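Okay, here's what each chain looks like letter by letter:
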Amino acid sequence: MVSCLKLIAAAMATGLLLTTAGCASTDDTNTPDGGTVTQSTGAVAIFTPSDGITLSQHTPLNKWAKLVPDITSELKKQGFKSANITTTTSSDLAKQSQDIQDYVVNHAVSAQSGKNNANKKDGADEKEITLIVAPAAETQTSTRQYGDYVSQTSGTATDRTGSDEAGSTDASESTDTSESANASSSDNASDSTDTESMPRMANALQLAKDSGMHVVLVANPVKDFTPDAFVELSTAERIGQIQASKLADKLQLDTISKDNPKAVEILLPYTASADGSDDEFAKEAFAGAWSVLQPYFKKGTAYSPSGLLTADTTDGQWESVAFKIDKDSRITDEITNRLKQKDSASHTRIDGIIAMNDYVASGVVDALDHLGYTGSAADINPSITLPGIVGNITGKQDLHRKKVPDPIKAPENDGSASEKARDTQWPIITGYGAYVDELPQLVSGHQWMTAVEDRKGAATQLAQMCLKINQGTAVKSPQNLTKGTYPGVAGKNMPTLRPDLVAVSASNLKSTLIDPGYITLADAGM
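In this text, all values refer to a predicted model and were calculated from it rather than measured experimentally. (Residues numbered from 1 in each chain as written. Predicted model: local features only at pLDDT ≥ 70, side-chain atom pairs only at ≥ 80, totals over all residues. Heavy atoms only, no water.)

All right, on to unusual backbone geometry then. Of note, Ala219 is a non-glycine position whose phi angle comes to about 75 degrees, a positive value. On the secondary structure map, Ala219 appears in the loop between β6 (214–218) and β7 (229–231). Despite not being glycine, Met356 has its phi angle at roughly 75 degrees, a positive value. Locating Met356 in the fold gives a position in the loop between β12 (352–354) and α10 (358–371). Here Met356 falls in the buried class, since its relative accessible area comes to 0%. (Helix = DSSP H or I, 4+ residues; strand = E, 2+ residues; numbered from the N terminus. Buried < 20%, exposed > 50% of the residue type's maximum accessible area, 1.4 Å probe, protein only.)

Below is the structure:
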């Protein structure tokens, strides 16, 4: 199949550059003399993996099926016509590489035919085309819990179907919408092996570029292929960093005394590989969180009640806080084992828990409630009242409560009522994914924060990028666009879009998720 692509590329190497002449969608721009010049917007073809069907209600907010309409809407705002925007979803990399190959070959042949046909007027079928491709990636039980947009190892999605003991089962729910796909393509895709799919993807995309098309990759790189631009929506490292940073701010780890250190635990879900290899996603997520927290452990302002983390812990010792996520009870067992006391009436003080994602956070909330911890995140310094949170979300009032000073020294462990109250105080719990079913926990204060990709902001910037690429202008943006290192080809730098992750807590839930239209008041339990 790869050699076939090479023959196709060689056969069409001459005269396959697509031009902007006669494009159906145009934009008028002003010239220095006051006139106008009509510029083509061209066309955009979007290729994404299909979402899995989740049997449980634990579903991250950001899915591919949500991103595609956002991109389409923003493209239209940039002047692209509906007829020049196509979308294709594929169940795995084998199918996706076949779909892209079919699209590229069909459009390249069509463009060449238009050039050679004297009856065609001004190359009416020719236009600049940008392919937006989110390569299908191999997913595992643990990585699925962070949503669809995290950068992962590209490969066939062998774990997208089948039973999942952690409460969900994935299966393809989307059908192929590409007009170029046919039964023969489907058969070929299903027969492809892992080793065939990635080279075919790379060769199909290279053929697209050789034919004058442009390629923007989203989330995942393609080995040995250099796109025109790369969009990194989130990574394991950034997910770990944002939770640790927000936790450190909330617990005031920069200002507290080592005489009153904060008790912090990291719960790191991972999936054990059949071949014994490391879970790279879990490893990188820990590195991100530990890059923020380790200095506080070294200063003595933070410690691990379980003893699994110390000042000398390194990134390579991530497995010390990792646990298998093959069933719900693993979460309860993990947090219970870390906090349990010989005396059932006693409690281990815990100030903060990085749960990594909202699925784990929900299990932590259940476990702490069962263990007898009380209160909410609204009680933690600096705090706001729960009535104030509710009033802010419903637009009735702002939040004004000031910070309460934290004592320099921790209370003596004398068994007094105040000491017991402190030990049973509900901790700060962080997660990721903005699970809709868990958002009421933010309002109640049982989970303090979550985080999510700025899907709508990314769609806007991506649409602007496609317009500039198609019009042959420099890809520039005032925010989040850098000349970054592209992971698919060693040493390659290119325009790289990295939208900021959005941290969400009860105090900003309205402005971050409700006002932009991600969720409704009802979703938040209001």
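The next thing to look at is the pattern of salt bridges. Applying the stated criterion across every chain yields a total of 13 salt bridges. Of the charged contacts, one joins Arg338 and Glu334 as a salt bridge, the two residues approaching to 2.9 Å between their closest N and O atoms. In this pair, Arg338 and Glu334 both sit in helix α9 (residues 329–339), four residues apart, roughly one turn of the helix. For Arg338, a relative accessible area of 7% corresponds to the buried category. Here Arg349 and Asp351 are joined by a salt bridge, their closest N and O atoms 3.0 Å apart. For Arg349, a relative accessible area of 10% gives the class buried. (Salt bridge = Lys/Arg side-chain N within 4 Å of Asp/Glu carboxyl O.)

What follows is about helix α14 (residues 455–470). With 16 residues, α14 should cover 22 Å at 1.5 Å per step; its first-to-last C-alpha distance of 22 Å lies within 8% of that length. Within α14, twelve of the 16 residues are buried, which leaves it mostly tucked inside the rest of the structure. Those residues of α14 lying buried are Arg455, Gly457, Ala458, Ala459, Gln461, Leu462, Ala463, Met465, Cys466, Leu467, Ile469 and Asn470. (Expected span 1.5 Å × (residues − 1).)

Turning to helix α7 (residues 236–250), a few remarks are in order. Taking 1.5 Å per residue, 15 residues should reach 21 Å; α7 reaches 22 Å between its end C-alpha atoms and fits that length. Every buried residue of α7 is accounted for by Ala236, Arg238, Ile239, Gly240, Ile242, Gln243, Ala244, Leu247, Ala248 and Lys250. Next to the buried residues of α7 lie β8 (262–266), α8 (280–299), β12, β13 (428–430), β14 (449–453) and β17 (501–505). (Contact = heavy atoms within 4.5 Å.)

Okay, the side chain of Asp70 next. Here Asp70 is to be found in helix α2 (residues 64–77). A relative accessible area of 13% means that Asp70 is categorised as buried. Separated by 3.4 Å, the side chains of Asp70 and Lys456 make a polar contact. Each residue touching Asp70, except ones within four places of it in the same chain, is listed here: Arg455, Lys456 and Ala459. (Polar contact = N/O pair within 3.5 Å; in protein donor to acceptor, adjacent residues only side chain to side chain.)

Let's shift gears to the pairing of strand β16 (residues 493–497). Taking burial as the measure, the five residues of β16 include four buried ones, the bulk of the element. Direction of pairing for β7 relative to β16: parallel, over a ladder of two bridges. Paired with Val231 across the two strands is Leu497, which belongs to β16. (Pairing = 2+ DSSP bridges.)

The subject of this paragraph is the environment of His214. Relative to the helices and strands, His214 resides in strand β6. On the accessibility criterion, His214 (14% relative accessible area) is buried. Contacts of His214, omitting those with residues within four sequence positions, involve Glu128, Ile129, Thr130, Leu131, Asp228, Ile469 and Asn470. Only 2.6 Å separates the side chain of His214 from the side chain of Glu128, close enough to count as a polar contact.

Tallied over the full model, the rule gives seven aromatic pairs. Following the ring pairs from residue to residue traces out a cluster consisting of Tyr146, Phe281 and Tyr432. Of note, Lys456 hangs over the ring of Tyr518, and the distance from its end group to the ring centre comes to 5.5 Å. (Phe/Tyr/Trp six-rings, centres within 6.5 Å; stacked < 30°, edge-to-face > 60°. Lys NZ or Arg CZ within 6 Å of the ring centre and 35° of its normal.)

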